[in-house]
Amino acid sequence: MAAHRSVAAHRNVAATVETVFRIESARIIAGAARIVQDVGIAEELAQDALVAALEQWPREGVPDNPGAWLTAAAKHRAIDLVRRREVYARKLAEVGRSLEDVPAPEPAGPDDIDDDLLRLIFTACHPALSAEARIALALRLLGGLATPEIARAFLVPEPTVAQRIVRAKRRLAKAGVPFEVPYGQDRERRLSSVLEVIYLIFNEGYSATMGDDLLRPGLCEDALRLARVLAALMPTEPEVHGLAALLEFQASRTAARTGPDSRPVLLAEQNRNRWDGLLIRRGFDALQRAGTGPYSVQAAIAACHAGARRYADTDWATIAALYERLLALTPSPVVALNRAVAVSMDRGPAAGLELVDELVAEPALRDYHLLPSVRGDLLARLGRAAEARAEFERAAGLTRNERERQLLLDRAASLGED
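The following refers to the structure shown.

Reading the values: rules and limits
Starting from 1, residues in each chain are numbered consecutively following that chain's sequence as written. The predicted origin of the model limits local features to residues at a pLDDT of at least 70 and limits the giving and counting of side-chain atom pairs to 80 or more, whereas totals for whole chains, interfaces and linings rest on all residues. Remark: hydrogens and water are excluded; side-chain values derive from all non-hydrogen atoms of the structure. A helix here means a DSSP run of H or I that spans at least four residues, while a strand means a run of E at least two residues long, and both kinds are numbered starting from the N terminus. Three labels apply to residues, based on accessible area from a 1.4 Å probe with only protein chains included: buried if under 20% of the type maximum, exposed if over 50%, partly exposed otherwise in between. A 1.4 Å probe and the Shrake-Rupley method give the accessible areas. Residues count as covered only by the protein chains that appear here. Throughout, an axis means a line fitted to C-alpha atoms (over the contacting stretch in the case of helices), and angles, computed between N-to-C directions, take values from 0 to 180 degrees. Each angle gets one of four labels, with under 35 degrees taken as roughly parallel, over 145 as roughly antiparallel, 65 to 115 as roughly perpendicular, and the rest as oblique. Crossing handedness follows the turn of the near helix against the far one: under a right angle anticlockwise gives a left-handed crossing, and clockwise gives a right-handed one. Only heavy atoms enter the contact rule, under which two residues are in contact if any of them lie within 4.5 Å. Under the convention adopted here, Pro, Cys and the residues Ala, Val, Leu, Ile, Met, Phe, Trp and Tyr are nonpolar, Asp, Glu, Lys and Arg are charged, and Gly plus all remaining residues are polar. When two rings of Phe, Tyr or Trp (its six-membered ring) have centres within 6.5 Å they constitute a pair, described as stacked for plane angles under 30 degrees, edge-to-face for angles over 60, and tilted for the intermediate range. Only buried residues count toward a nonpolar core, which is a set of Ala, Val, Leu, Ile, Met, Phe, Trp, Tyr and Cys residues joined through side-chain atoms within 4.5 Å. Given a helix with a known number of residues, its expected span is that number minus one, times 1.5 Å.

Of the regular secondary structure elements, the chain holds 19 helices and 2 strands. A burial count over the chain gives 46% of its 418 residues as buried. For the chain, the accessible area works out to roughly 20600 Å², and carbon and sulfur atoms hold 51% of it.

Before going further, it helps to spend a moment on the packing of helix 2 (residues 39-60) against helix 3 (residues 66-84). Look at helix 2 against helix 3: their axes get within 8 Å of each other, and the N-to-C directions meet at 125°. Between helix 2 and helix 3, the interaxial angle falls into the category oblique. Crossing of helix 2 against helix 3: the hand is right-handed. Residues Ile41, Leu45, Ala46, Asp48, Ala49, Leu50, Ala52, Ala53, Gln56 and Trp57 of helix 2 form the contact with helix 3, whose own contacting residues are Pro66, Trp69, Leu70, Ala73, Ala74, Arg77, Ala78 and Leu81. Classifying every residue of the contact of helix 2 with helix 3 gives 15 nonpolar, 1 polar and 2 charged.

In this section: the packing of aromatic side chains. One pass over the full model with this rule turns up 5 aromatic pairs. Measuring from ring centre to ring centre gives 5.3 Å for tryptophan 57 and tryptophan 69, while their planes differ by 75°; the resulting arrangement is edge-to-face. Taken as a pair, tryptophan 57 in helix 2 and tryptophan 69 in helix 3 lie far apart in primary sequence, 12 residues in all. Here tryptophan 69 falls in the partly exposed class, since its relative accessible area comes to 23%.

Let's shift gears to the environment of proline 217. For proline 217, the position within the fold is in helix 10 (residues 217-233). We classify proline 217 as partly exposed; its relative accessible area is 44%. Distance from proline 217 to glycine 205, taken between C-alpha atoms, is 5.7 Å for residues 12 residues apart in sequence.

Looking now at the nonpolar core. The tendency in soluble globular proteins is for nonpolar side chains to be buried as a group. One finds Leu118, Ile121, Ile198, Leu230 and Leu247 to be the most contacted residues of the largest nonpolar core, which totals 89 residues. The element best represented in this core is helix 1 (residues 2-36), accounting for 11 residues. Each residue touching isoleucine 198, except ones within four places of it in the same chain, is listed here: Ile121, Ala223, Leu226, Ala227, Leu230, Leu243 and Leu247. Ranked by size, the runner-up nonpolar core spans 31 residues in total, among them Ile319, Ala340, Val356 and Phe392.

This part covers helix 11 (residues 238-252). With 15 residues, helix 11 ought to run about 21 Å at 1.5 Å a step, and its terminal C-alpha atoms sit 21 Å apart, in line with that. With 14 of 15 residues buried, helix 11 lies mostly within the body of the structure.

Note that glutamine 298 resides in helix 13 (residues 294-306). Once you skip the residues sitting within four places of it in the chain, glutamine 298 turns out to touch Tyr199, Leu246 and Leu326.

So, in structure tokens, the structure goes:
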């Protein structure tokens with residue numbers, strides 16, 4: 001019995017280690033990268049810290065601040081690595097004191113920002129990498145996403161994502177890319193990739209592609225904080241404010257998106273009194289400084305939802321028109337699917353189904369669970385219960401998120417048997 005309890009306790013500690021690492025991995029990697037100036041090595045050092053925790057915590061107990069423990073462990077390994085380098089050894093001899101005693105450098109100027117996470121995201125989005133590689137690497141490093149999760153976010157095969165990440169780390173190391181927030185035109189060139197990464201990280205936190213939980217609040221918080229920092233850093237860039245507004249609006253609904261049992265709550269059924277009024281006001285403030293780009297248009301769509309006191313008050317005609325504009329800016333089958341939903345709410349389910357059926361053969365949506373989910377909803381509204389049930393069951397088989405799967409199965413069951 002005692003041995004059984006010991007094994008169970010060890011498993012609980014291991015689960016705790018893995019959970020904390022998943023939440024804190026971006027900060028751990030960023031802290032180590034500031035020391036070693038290499039994101040690939042920093043990721044390896046973070047993994048070393050994870051292994052150390054798996055070895056020590058079962059014996060010594062979980063520390064009061066496990067995230068800080070992992071970060072410190074990775075940094076200590078980074079310092080040890082730097083000390084072994086010949087270049088650092090010469091600098092150490094010249095300075096005559098240890099790395100820990102070296103004071104932090106003064107800010108280089110008014111545009112400087114002391115934030116390891118922001119340095120990490122700009123480093124991962126260096127123009128030496130392809131756009132696809134930048135985003136995949138940043139999602140891995142900052143979002144803590146596994147290769148299958150990134151592949152699902154991109155709707156591409158897993159081996160493709162894995163190759164992009166490996167090659168990206170090698171290229172950054174070979175190019176000697178500095179771990180810093182760039183200035184001037186260099187910052188401008190990397191901005192679009194940075195915005196896209198922040199957006200995708202937030203989306204993964206807002207609706208997790210895998211796992212037992214619908215939400216990963218830590219990712220949402222990190223993405224929202226990064227968007228706010230960028231907005232303060234680049235006050236004259238409209239699309240930065242557009243992204244910030246979008247994330248403020250989306251984050252305002254977080255508390256209402258799940259019930260007491262952690263099951264998803266559909267938009268039509270959410271208690272809008274649980275929406276965060278402060279975040280909504282921040283969203284409208286940011287929207288005033290936004291422009292006409294894709295994130296700004298999405299923010300305007302989110303503002304339509306935020307401004308409706310009841311679901312029945314939603315201005316679906318405006319939302320459909322905004323999706324039409326967004327589709328022109330960023331042609332995408334996912335945007336087209338969202339537009340079809342808005343059209344169905346404005347003009348009826350038959351009009352929406354006609355648009356959705358045009359997307360059924362789209363290769364990028366072949367394994368995208370929201371396509372049969374939307375189609376099932378439209379068929380149910382048209383009274384075609386058997387077809388709707390089959391679509392919901394197909395959608396449940398495609399999603400890798402357990403909460404979404406159960407919701408879809410419940411919707412299928414609610415339509416009865418043949």
